[in-house]
Amino acid sequence: MKLMYNLVTGEFIKLKRYSILWIGVVTVFCSVLLAAFQSSSGGTGDIRYEHLYNNVIWNNYSLAFPFLIVLIGGYLINREFTDNTLKTVLTLPVSFRRLLLAKMITIGLLTTLFAVLSFLSTFLLAMMFQYKDLSWAFIIKSMYQIIGVSVGNYIAVLPIIVYFSRKRNAFFTGVSLAFVYGFCGIFVAGRQLTDYYPVTAALGLLGYTGQEEAVYQLPIALSSLLLMLVIAGLLMIRVPRYEQLTNKPRKQRPKKHRNRMK
Amino acid sequence: MNDLIIQTKQLTKIYGEQKSVSNLNLHVRKGRIYGLLGRNGAGKTTTMKMLLGLTKPTEGEISIFGSDIQGAEGKIYPRIGNLIETPGFYPNLTGSENLKILARLRGVPHQNAVKRALEVVGLPYNDKKLLAQYSLGMKQRLGIANAIMHDPELLILDEPINGLDPIGIAEVREFIKRLSVEQGKTILISSHILSEIALLADDIGIIDHGVLLEESSLEMLEKKNSRYVHFIVSSAGQAARILELDFHTSHFHIDDDYSLRLHDTNIDVAAITRKFIESGIDVSEAHTQNDTLEDYFKRVTGGEGIA
């Protein structure tokens, strides 16, 4: 337990001076700003806080968070390969599985922090522009829905992070996959599949009201997220050894055929 | 023997079809500096990686501190400090920050362990310089600081002087010697630089193409080095005939037309020289010599020497 605490605090120290965190901050702000434009684009002049935060949640799960979580998570793990620090940590000894678990916890905490930032910027924007329906009930609801859906997104992409942590630079593929995975949520949401699809499963669990006529089946949504946790857990149990992790694939050069000009 | 800190039995590592380490029987004794000497690619790093659990042996057994390492990694590895190849650290952090993270994970109890380790290797504590701005020599020093920070009983150092300047090499050498002599630490050190191993090690293992060709104390190796009488004469062929016919020995080696080495040192050199001169052979030089460690290395590996 103490080792895990030390590992997680160590992960936060490692984040010091990492510019990738700014990508996260910018992505969160962009999602909120886009939501503000979407909310005011109707032209009716009826700008409501409920619309704003529902749009923020929509943008977060479909555009920002799945991509962002895998990007930062994958980057944190990949640095252990590129900085050649894996052997230093493994011989302490800290197993790769433990290290990965610590990183997953760190990414979970970071996701929560980004979600809090998303909520705060949404709230401050609403304050600045004096949205009509800005009430305590909506403020609290927006807070737990924005944070809760983001944590749901984190659970949904966990298997992607763990799977692509096994090889140097493999996380780039994971980031692309996560973006498509999140974006497909737009097409799934509102088609009775919201609860089945892990990225959107948290919407029903948290009572998201951004979709018209949505009927949520909470046990299915819960099962969908639990399945993701189980898959991530199984992938973590079967992590390869150091030499398999660090083996660079040998590129075989095609044999040159010497065609002599006559 | 009970004083063995590291012992391997038939340790083998095969990558694909290539045998990187073959049936290695290593014996590192308590409180000694064991120098693993071999050319680049001889199997030194692979051996050390197997000892540290970074690479799984294909065959063979490893015993450290008298216990099989299989299943006892959690107890054994905290007692070891290591430096394998170029040290890996986080480039966005300072040297002190890097060591503080590793100290936390190791559970180093002493508050000033990081400071002391940095002082030992001559690096400043709480310096603002990031690791990305460190030279290779500074990274190597930091790697050594990391290896000694938790006061381990055994140090496994893979080419620790790589990238160090001559003064740095001398400092690290002295420091390693001090650790062994004053604190009784057991040290396994690898190098491809023979002179370094000769200056540091108490015991030497010569590894070539994954095979441990020789394992002995430095003292024994020096004794083993053959003595011979080196003659520079006007005709080495004629001199060889005299040695065979008049002195009844064939224990010599002709280097070229003028140079001959007589390995049978029991024969009186003055008598041989007198006989050569009487037979009309001019003798320019006649002196007794010992093989250098490099000559010995060449002889054992059957190839070129190393630096």
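Worth saying up front: this structure is predicted, and the values here are computed from it rather than measured. (Residues numbered from 1 in each chain as written. Chains lettered and ligands numbered in written order. Predicted model: local features only at pLDDT ≥ 70, side-chain atom pairs only at ≥ 80, totals over all residues.)

**Some words on the overall build of chain B**
Looking only at helices and strands, chain B has 11 helices and 15 strands in total. Whereas a compact globule of 307 residues would reach a radius of gyration of roughly 19 Å, chain B reaches 25 Å, over 25% beyond that. Taken along the three principal axes of its C-alpha coordinates, chain B extends 80 × 40 × 35 Å. For chain B, the residues scored as buried account for 40% of the 307 residues in total. Taking as baseline every contact in chain B between residues at least 6 positions apart, the subset at least 24 positions apart corresponds to 67%. (Helix = DSSP H or I, 4+ residues; strand = E, 2+ residues; numbered from the N terminus. Rg over C-alpha atoms; globule rule 2.2 N^0.38 Å. Buried ≥ 20, exposed ≤ 12 C-beta atoms within 10 Å, placed from the backbone. Contact = placed C-beta atoms within 7 Å.)

**Observations regarding the overall build of chain A**
Tallying secondary structure elements over chain A gives 10 helices and 0 strands in all. Starting at the N terminus and walking to the C terminus, you meet the elements of chain A as α-α-α-α-α-α-α-α-α-α. By the burial criterion, 42% of the 262 residues in chain A qualify as buried. The long-range fraction of contacts in chain A, counting pairs at least 24 apart against all pairs at least 6 apart in sequence, stands at 79%.

**Examining the interface of chain B and chain A**
If you look at the interface, chain B gives 23 residues, while chain A gives 21 residues. Looking at which element gives the most residues to the side of chain B that touches chain A, the answer is helix H3 (residues 95–106) of chain B, with 6 residues. Residues that form the side of chain B that touches chain A fall into these classes: 12 nonpolar, 6 polar and 5 charged. (Nonpolar A, V, L, I, M, F, W, Y, C, P; charged D, E, K, R; others polar.)

**Digging into the pairing of strand E15 (residues 283–290) of chain B**
Residues and elements named next belong to chain B. Taken across its 8 residues, E15 has 0 buried, putting it largely on the surface. Where strand E12 (residues 227–233) meets E15, 7 bridges bridge the pair, whose relative direction is antiparallel. Bridged to Arg 227 within E15 is Asn 290. (Pairing = 2+ DSSP bridges.)

**A closer look at the confidence of the model for chain B**
Residues shown with low pLDDT carry predicted positions that ought not to be read at fine detail. Of the residues in chain B, 97% have a pLDDT of 70 or more, and the chain-wide mean is 88. Scored as a complex, the prediction yields pTM 0.81 and ipTM 0.82. (pLDDT = per-residue confidence, 0-100.)

**Describing the packing of helix H8 (residues 198–205) of chain A against helix H9 (residues 218–237) of chain A**
All names here are of chain A. One can describe the packing of H8 onto H9 by two numbers: an axis separation of 8 Å at closest approach and a directional angle of 140°. By the angle between their directions, the pair H8 and H9 is classed as oblique. Here H8 runs over H9; the crossing is left-handed. Within the contact between the two elements, H8 uses Pro 198, Ala 201, Ala 202, Gly 204 and Leu 205 and H9 uses Leu 218, Ala 221, Leu 222, Ser 224, Leu 225 and Met 228. Residues of the contact of H8 with H9, tallied by class, amount to 9 nonpolar, 2 polar and no charged. (Axes fitted to C-alpha atoms, helices over the stretch in contact; angles between N-to-C directions. Parallel < 35°, antiparallel > 145°, perpendicular 65-115°, else oblique. Left-handed = near helix turned anticlockwise from the far one by under 90°.)

**Considering the sheet that holds strand E8 (residues 154–158) of chain B**
Residue and element names in this part refer to chain B. Spatially, the 6 strands line up as an open sheet ordered E7-E8-E9-E4-E10-E11, and their pairing is mixed. The sheet terminates laterally at strand E7 (80–83) and strand E11 (211–217), the two strands that pair on one side only. Between one strand and the next, the sheet's axes are offset by a mean angle of 15°, whatever the strand orientation. Of the strands in this sheet, strand E4 (33–37), E8, strand E9 (186–191) and strand E10 (203–208) are in contact with helix H1 (residues 44–51), which crosses E8 at around 145°. Docked against the sheet, helix H6 (residues 166–183) engages E4 and E9, running at close to 155° with respect to E9.

**Section: unusual backbone geometry**
Residues and elements named next belong to chain A. Each neighbour pair has its own omega, and for Leu 92 with Pro 93 the value is 5°, a cis peptide bond. Relative to the helices and strands, Pro 93 is located in the loop between helix H4 (86–90) and helix H5 (96–128). Non-glycine residue Arg 17 carries a positive phi angle of around 65°. Under the C-beta neighbour-count criterion, Arg 17 is labelled partly exposed, with 14 such atoms within 10 Å. Positioned with a positive phi, Asn 84 is a non-glycine residue whose angle comes to about 65°. Assessed through the 16 C-beta atoms surrounding it within 10 Å, Asn 84 is described here as partly exposed.

**What to know about the environment of B:Thr301**
Residue and element names in this part refer to chain B. Relative to the assigned elements, Thr 301 resides in helix H11 (residues 293–301). Along the chain, Thr 301 and Pro 166 lie 135 residues apart, while their C-alpha atoms are 28 Å from each other. Beyond its immediate stretch of four places on either side in the chain, Thr 301 contacts Ile 206, Asp 208 and Leu 213.

**Some details on the sheet that holds strand E14 (residues 259–262) of chain B**
In sheet architecture, strand pairing relies on hydrogen bonds along the backbone and comes in two forms, parallel and antiparallel. Residues and elements named next belong to chain B. Pairing within the open sheet is antiparallel, and its 4 strands lie in the order E13-E14-E12-E15. One side of each edge strand has no neighbouring strand; the edge strands of this open sheet are strand E13 (252–254) and E15. Sheet twist, expressed as the mean angle between neighbouring strand axes with direction ignored, is 20°. On top of the sheet, helix H9 (residues 236–245) reaches E12, E13 and E14; it is set at about 25° to E14, its chief contact. Contacting E12 and E15, helix H10 (residues 269–278) crosses the sheet at an angle of about 155° to E15.

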